[in-house]
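Residues per chain are reported as follows:
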Amino acid sequence: MQENLVIVESPAKAKTIEKFLGEGYHVTSCMGHIRDLEKKDFGIDLEKNYQPKYVVTPDKKKVVTELKKLAKDAETVWLASDEDREGEAIAWHLKEVLKLDPSRTKRIVFHEITKEAIQEAIKNPRVIDDNLVNAQQARRVLDRIVGFEVSPVLWKKVKPSLSAGRVQSVAVRLIVDREREIIKFKSESNYRVTGKFLVSDENGNTSELKAELSKRFSEKNEALEFLKKCQSAEFSVSDVTKKPTKRSPAMPFTTSTLQQEASRKLGFSVSQTMAVAQRLYEGGKITYMRTDSVNLSNTAINTAKQKILDLHGEDYLKIRKYQTKSKGAQEAHEAIRPTYMSNETVEGSNQERRLYELIWKRTIASQMADAKLEKTTVNISVSTATERFTATGEVLIFDGFLKVYMESTDDENGNSGPAQDIIPPLKANDALRMSEIIAMQRFSQKPPRFTEASLVKRLEELGIGRPSTYAPTITTIQNRNYVVKEDRPGTEREFDVITLDHDKISEKKKTEITGTEKSKLFPTDVGMVVTDFLMENFKQIMDFNFTASVEKDFDDIAEGEKVWNEMIDRFYKPFHEIVEDVLENSGRSKGERVLGTDPKTGKQVSVRIGRYGPVAQLGEASSETNEEKPQFASLRNGQHLETITLEDALDLFKLPRELGEYEDKKVTVNIGRFGPYVRHDNKFVSLGKENDPYTVELDKAIELIEAKREKDRKAIIKTFDEEPGLRVLNGRWGPYISFKKKNYKIPKKLKAEDLSLDDCKKIIEEAPAAKSGKRRKKK
DNA sequence: CAGTGAGCGAGCTTCCGCTTGACTT
């Protein structure tokens, strides 16, 4: 019998809190939301003022049963879910589902897991805030309406199984918009002039000074002209200025900034970051990892302070309080920080150690002094021209927080310019010896594609999505095949380099690789067509400010200034009318593009989204004549509806090619999901990269078929006459047993070649039932 | 992913936020 039952959201949190509360308190967790809208059907009663139809989520049934038992035995139940909209709703659902007696139920909140905060919370219980709960219900109902009304429109008008939602559709839009900007982008070039000058000091030592011309030339001959002027010029220092500057540490980590830094510094995907952080959290090593707060508890600040004093001394300490600036932050937790600041490292996997170290450094640095720098600017005049060179240098006077941590940036071009660390001592009117001047053609950069992490950053700026959903959202839009994460090779580009070296001017062409992409998000054809369709028909949902504007309504509801179902009604009525109208009046949207006519047959060639993805079509399906049906061919990897040419599309119809016959059976080549292949006697042989399906000949194909046969023969380790269907084979993952179209793993301790038929049968019998996989059947 | 390369159409798909599960093949 427990006097007090405390329910929090996370089991790891429960463990910690139980320690703080001690005797008389049992702390348990509900694992987030326990109820949700009914999954099939709409889940909202439109006849009854949008009344939600809640059901206990299937995977929470056990939790709920357990909680009911515990609650019955408890004197007082403390609902300690997070202090935000969702947390308040969780508390309310708990109260409803567990049928808690109000006189024995208390609602408490805290936004840091420290002994003081918990004890303080217990001293100040309150009741559930119905307004806040209603704001959450409005949020939930709105998202269901948008998702479950728009998605079916897509099934009808574009392609089955697609989805739309307040968050995901805008995320895809960001990527599609960016891609269009890039397609439209025209690179321009100009000529950047840099010079190297020699400076001698009184001891006769010379050092080099790098400077950039203040002006860039748009034309090559302008640059050339300038270099000619420099041939006979004298260079001198016109002025030297020194200016102190400082740099401040970054704020402690939130979910989104952690995802960004882990992506840049450690190369983690956002879901990887969250999985690793989850393990650190469960191990009690860091605080909660889904947060939008940059706040640190006093306990944390004090221990960080002690650590800084121990390691670096008082000069390096500067206590700072940070304020969240992101839109719609709900701040139910602390920033992400080490639980114990004294631990610089932790035990664990390589990934865990690296992520922890990143968090530790960032947190420590956030309480450290600014770095002090001195910035020196030297202007250099050219006697024969009006343009000036400028050299800038930065010298670190005091490293401060940089001693432990430096935030990285997304600037992948590395355009740091010719800045150098130390500028040699110089004063006005000092003469300079020119050693080299180079004019280099530079091209303007196309807008960068999003990475997972930079997309999260943008969504957060727009106030779209929450810390708990950034990673899943990114996964969803990839699963729906709206977006793919890919590497793409760059292209070669030539650029001019004009060099002035000891009075001699020379010109050269150099090449560089440009536009190489690594792990970037690209929209697919489906993503583009769906975005266009939604932009055309559901502008309101696609507006970057849609979330912000409904959030304002939710805030008003939370303040008691609006009634939630009235707000929903004002949204639903006009929205639903649009849905009906689009269903009825809008045409199908398949992103169709007519490329031209096939010169051979005179038939029309077009591309569009087919039932299974992008396809090219040769000929039209005309109803009037009973001409032959149009031919179809799927687009290949790297081909896109918006950019494919007529020639490329026509090539698609050259396959499958019939090469001839072998052993009285047809030999054909085609390209499938796994690349080019030869088909013969219903068997498939990969063509590999070295053979081109358009030109490969029969001899080569036969060779490949024979090679495959040989390999298959070798793959058979054992067969049994009594059971011909059972074979022991050698596969990519080692030996396995194949029987009736199913495969079975051979236990490590057994040798494949020694297996008897009985051994095999035993393995098959004892094999666990095949996993249900993707398809889960209902009823 | 377990050795693949289909297509006359049944019945299904879908949202956003809270949380952690466990077939180890």
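Keep in mind it's a predicted model, so treat the numbers as computed, not measured.

Moving on to the pattern of salt bridges. Taken as a whole and assessed by the stated rule, the structure comprises 47 salt bridges. Between R388 and D239 there is a salt bridge, with its nearest N and O atoms 3.8 Å apart. In this pair, R388 sits in strand β13 (residues 388-398) while D239 sits in strand β11 (residues 235-247), placing the two residues 149 residues apart along the sequence. The exposure class assigned to R388 is partly exposed, which follows from its relative accessible area of 33%.

The next thing to look at is the sheet that holds strand β2 (residues 25-29). Here 4 strands make up an open sheet; going across it, the order is β2-β1-β7-β8 and the pairing parallel. The sheet is open, and its two borders are formed by β2 and β8 (105-107), each paired with just one other strand. Going across the sheet, the axis of each strand differs from the next one's by a mean of 20°, ignoring polarity. Across 3 bridges, the pairing between strand β7 (residues 76-79) and β8 is parallel. Looking at the pairing, W78 lines up with K106 of β8. Most of the contacts of helix α1 (residues 11-21) go to β2, to which it runs at about 170°, and overall it touches β1 (4-8) and β2.

Spatial strand order, β19-β20-β21-β22: 4 strands in an open sheet with antiparallel pairing. In this open sheet, the two strands that pair with only one neighbour each are β19 (593-597) and β22 (631-634). Strand after strand, the sheet turns through a mean of 25° between neighbouring axes, direction not considered.

A separate point is the environment of V146. Mapped onto the elements of the fold, V146 is located in helix α5 (residues 130-157). On the basis of relative accessible area, V146 is assigned to the buried category, the value being 1%. Distance from V146 to I541, taken between C-alpha atoms, is 8.0 Å for residues 395 residues apart in sequence. Contacts of V146, omitting those with residues within four sequence positions, involve S151, G165, R166, I541, F571 and F575.

The next thing to look at is the environment of A250. Within the secondary structure, A250 sits in the loop between β11 and α8 (255-266). Of the residues examined, A250 reaches a relative accessible area of 16% and is grouped as buried. Each C-alpha atom, one on A250 and one on I319, is 13 Å from the other, the two residues being 69 residues apart in sequence. Dropping the residues within four chain positions of it, A250 is found in contact with Y322, R362, S366 and E407.

If a residue is not glycine, its phi is most likely negative; likewise, a peptide bond is most likely trans. Unusually for a residue other than glycine, D41 sits at a positive phi of about 65°. Relative to the helices and strands, D41 resides in the loop between β3 (35-37) and β4 (44-45). Judged by its relative accessible area of 60%, D41 is exposed. Unusually for a residue other than glycine, N429 sits at a positive phi of about 75°. Structurally, the position occupied by N429 is in the loop between β13 and β14 (431-443).

It is worth spelling out the nonpolar core at this point. Membership of the largest hydrophobic core comes to 131 residues, with the highest contact counts inside it found for L355, L455 and F538. With 11 residues, the top contributor of residues to this core is α5. One finds V199, F226, F389 and I423 within the second-largest nonpolar core, a separate group that totals 29 residues.

Moving on, we come to the confidence of the model for chain A. Residues of chain A with pLDDT of at least 70 account for 93%, and the chain-wide mean is 89. In this model, residues 412-418 is a region of pLDDT below 50 whose contacts with residues beyond four sequence positions or in other chains number 6 contacts.

A few words on the UniProt feature "domain: Toprim" (unreviewed entry) in chain A. With numbering matched to this structure, UniProt assigns "domain: Toprim" (unreviewed entry) to residues 3-113. Measuring from the first to the last C-alpha atom of residues 3-113 gives 22 Å, for a span that is 33% helix and 24% strand.

Two elements, strand β9 (residues 189-200) and strand β10 (residues 206-213), share 7 bridges in a ladder whose sense is antiparallel. Directly across from K196, in β10, lies its bridge partner K210. Two successive antiparallel strands, β9 and β10, enclose a turn made up of 5 residues, where G204 displays a positive phi of approximately 85°. Pairing geometry for β10 and β13, over 2 bridges, is antiparallel. Among the inter-strand pairings, L213 is bridged to a residue of β13, identified as F389.

Conventions and cut-offs
- Residues numbered from 1 in each chain as written.
- Chains lettered and ligands numbered in written order.
- Predicted model: local features only at pLDDT ≥ 70, side-chain atom pairs only at ≥ 80, totals over all residues.
- Heavy atoms only, no water.
- Salt bridge = Lys/Arg side-chain N within 4 Å of Asp/Glu carboxyl O.
- Helix = DSSP H or I, 4+ residues; strand = E, 2+ residues; numbered from the N terminus.
- Buried < 20%, exposed > 50% of the residue type's maximum accessible area, 1.4 Å probe, protein only.
- Pairing = 2+ DSSP bridges.
- Axes fitted to C-alpha atoms, helices over the stretch in contact; angles between N-to-C directions.
- Contact = heavy atoms within 4.5 Å.
- Core = buried A, V, L, I, M, F, W, Y, C linked by side-chain atoms within 4.5 Å.
- pLDDT = per-residue confidence, 0-100.
- UniProt positions renumbered as here; feature names shortened; annotations may be inferred.

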